[in-house]
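Structural overview for review
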Amino acid sequence: MIDQHHGWNTSFKPLIWGLVLSVVFTLLAYFIAAEHWLSGWALTLTVFGICIIQAMTQLIFFMHLFLEPKPKWNMLVFFFLVLIIIVVVGGTLWIMKELNYNVRMH
């Protein structure tokens, strides 16, 4: 059921699907890292890919991407999300690399 005034879905079904998918992606990333299913760059790229998929899931199911009458705001939110992910993940990887280098030097 679509709310004609806002254009948003007023049903709880998409919210439940979004919640379930978000929990599944979070647990998948956790178990891949905790159980050492992958290592090195394969682990990094897999977790980063899961992060992107989860972000898209949340944009679609919780922020109603593609349902807004003016999609420019959706794209602005998406590009800001991508920028934040690049800064946080890239900065974290850079800091961890430098810490690893400094620990080996001493």
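Residues numbered from 1 in each chain as written. Predicted model: local features only at pLDDT ≥ 70, side-chain atom pairs only at ≥ 80, totals over all residues. Heavy atoms only, no water.

**Description of the overall build of the chain**
Helix and strand content of the chain: 3 helices and 0 strands. Just so you have it, the chain exposes about 8400 Å², and 76% of that area is on carbon and sulfur atoms. (Helix = DSSP H or I, 4+ residues; strand = E, 2+ residues; numbered from the N terminus. Areas by Shrake-Rupley, 256 points an atom, 1.4 Å probe, with all protein chains shown as cover.)

**Brief notes about the environment of Tyr30**
Position of Tyr30 among the secondary structure elements: in helix H1 (residues 13-34). Judged by relative accessible area, which is 52%, Tyr30 ranks as exposed. Note: C-alpha distance between Tyr30 and Val47 (17 residues apart in sequence) is 8.7 Å. (Buried < 20%, exposed > 50% of the residue type's maximum accessible area, 1.4 Å probe, protein only.)

**Concerning the confidence of the model for the chain**
With 81% of its residues at a pLDDT of 70 or more, the chain has an overall mean of 82. Per-element confidence in the chain is highest for H1, whose mean pLDDT is 93, and lowest for helix H3 (residues 72-105), whose mean pLDDT is 83. (pLDDT = per-residue confidence, 0-100.)

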